Amino acid sequence: SSVSSSSSSSSSGSVSAVAATKDASLRILFLHGLESSLNGRKAAYLRAKYAHCECVDLQTSLWNFTRANCWVRHLVRNSRRLHVGAVVLAVAAAVLRFADVTLFNGSLLAVLLLVPTLFMMWDAWPEMVSAATHAMMEACLERTERAVRKFHPDVVVGSSFGGAVAVFSLLSQFYTGPTVLLCPAHAEVNRRMAFHWTGPHELPDETRIVIAHGSSDAIVSIEDSRQLARSDPRVRLHEIQGGHHRLRSLIGQGDVKCPVDLVSLIEEVVAM
């Protein structure tokens, strides 16, 4: 079951502007997306708007091995069957190269080794994905918890994968305050680490969440945000009509007309 269905939330489903005056004294903690960084556009926007703004360096990526929380690095590190499969394939390659075998015998040996190895990998793939995703999330939560303890934010803002980290921070309850989620990937991340997440699936009682999600988001389904917002009155959803995953219109850089911006979303969640 996904966090969105388990956490129960409810949404007005409407997009309405929030009349609020920016409180520049707010302490904002920002969690960037999977392939973004400390120097992303949203991080720069928040630093320009707020005197006290901290961005957590999550070091995440899907394929970039130079980042500490690269998903593929976690996949390789945490999957014993992947290690076994690699050893088997290496042995097969060595035998085929150096052993004195005929072409037929070599091909037969390759098939006998490859078929069970590939089946083993296919059978274990969901568990491998779960282990890698959980390891990456745990590393992100450790970094986020350290930042929360040190910075004491008034509001946490999470974008995409950073939105998932924000949700799991709430579930872990080391942060329970006002939270803004931008196209959050919480439900997809929860589905991917279903075999390993053993923490709670209920949001803390004091939690208040405002979500902005583009209706044309092709990366993270808006239905996950709708589900989270339908099941809990503490969660509000702004559907940005025509908005895509990056939601640059929230920081004044997109070409989609948007009745809210990132500052107004922050002010809205503080006022809830």
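Residues numbered from 1 in each chain as written. Predicted model: local features only at pLDDT ≥ 70, side-chain atom pairs only at ≥ 80, totals over all residues. Heavy atoms only, no water.

Counting 43 residues, the largest nonpolar core has Met137, Val165, Phe168 and Val189 as the members making the most contacts within it. Where this core is concerned, the elements lending two or more residues are β1 (27-31), α3 (71-78), α5 (103-151), α6 (161-172), β7 (209-214), α8 (222-230) and β8 (235-240). The biggest single contributor to this core is α5, with 11 residues. Other than its neighbours up to four places away in sequence, Met137 contacts Phe161, Ala164, Val165, Phe168, Val189 and Met193. Counting 26 residues, the second largest nonpolar core, distinct from the first, contains Tyr45, Leu46, Val157 and Ile266. (Core = buried A, V, L, I, M, F, W, Y, C linked by side-chain atoms within 4.5 Å. Buried < 20%, exposed > 50% of the residue type's maximum accessible area, 1.4 Å probe, protein only. Helix = DSSP H or I, 4+ residues; strand = E, 2+ residues; numbered from the N terminus. Contact = heavy atoms within 4.5 Å.)

Looking at the element boundaries, His32 is found in the loop between β1 and α2 (41-49). At a separation of 3.2 Å, a polar atom in the side chain of His32 contacts the main-chain amide nitrogen of Leu58. Apart from the residues lying within four places of it in its own chain, the contact partners of His32 are Ser37, Leu38, Cys55, Val56, Asp57, Leu58, Gln59, Thr60, Ser159, Phe161 and Gly162. (Polar contact = N/O pair within 3.5 Å; in protein donor to acceptor, adjacent residues only side chain to side chain.)

Strand order across the open sheet formed by 6 strands is β2-β1-β5-β6-β7-β8, with parallel pairing between neighbours. Only two strands of the sheet have a single neighbouring strand rather than two, namely β2 (52-56) and β8. Within the sheet, the average angular offset between the axes of one strand and its neighbour, ignoring direction, is 15°. Note: β7 against β8, 6 bridges, orientation parallel. Bridge pairing links Ile211 to Leu237 in β8. (Pairing = 2+ DSSP bridges. Axes fitted to C-alpha atoms, helices over the stretch in contact; angles between N-to-C directions.)

What follows covers the layout of surface pockets. Looking at the largest pocket, its volume works out to about 830 Å³. If you trace the largest pocket, you find 30 residues lining it, with Gly33, Leu34, Glu35, Ser160 and His245 closest to the centre. Looking at the lining of the largest pocket, the elements with two or more residues in it are α2, α5 and α7 (186-192). Sort the elements by how many residues they give to the lining of the largest pocket and α7 lands first, with 4 residues. Split into classes, the residues belonging to the lining of the largest pocket amount to 12 nonpolar, 9 polar and 9 charged. (1 Å grid on protein atoms, 1.4 Å probe; cavity = no way out; pocket = protein on both sides within 12 Å on 5 of 7 lines; lining within 4 Å. Points joined across faces, edges and corners; volume = space filled by probe spheres on them. Nonpolar A, V, L, I, M, F, W, Y, C, P; charged D, E, K, R; others polar.)

Going residue by residue along strand β6 (residues 179-182), you find Thr179 and Leu181 tucked away on one face and Val180 and Leu182 tucked away on the opposite face as well. Sheet analysis places strand β5 (residues 155-159) next to β6, joined by 4 bridges and oriented parallel. Each bridged residue has a counterpart across the sheet, and for Val156 the counterpart in β6 is Thr179. In this fold, the crossover linking β5 to β6 by way of α6 has right-handed handedness. (Right-handed = clockwise from strand over helix to strand, strands pointing away.)

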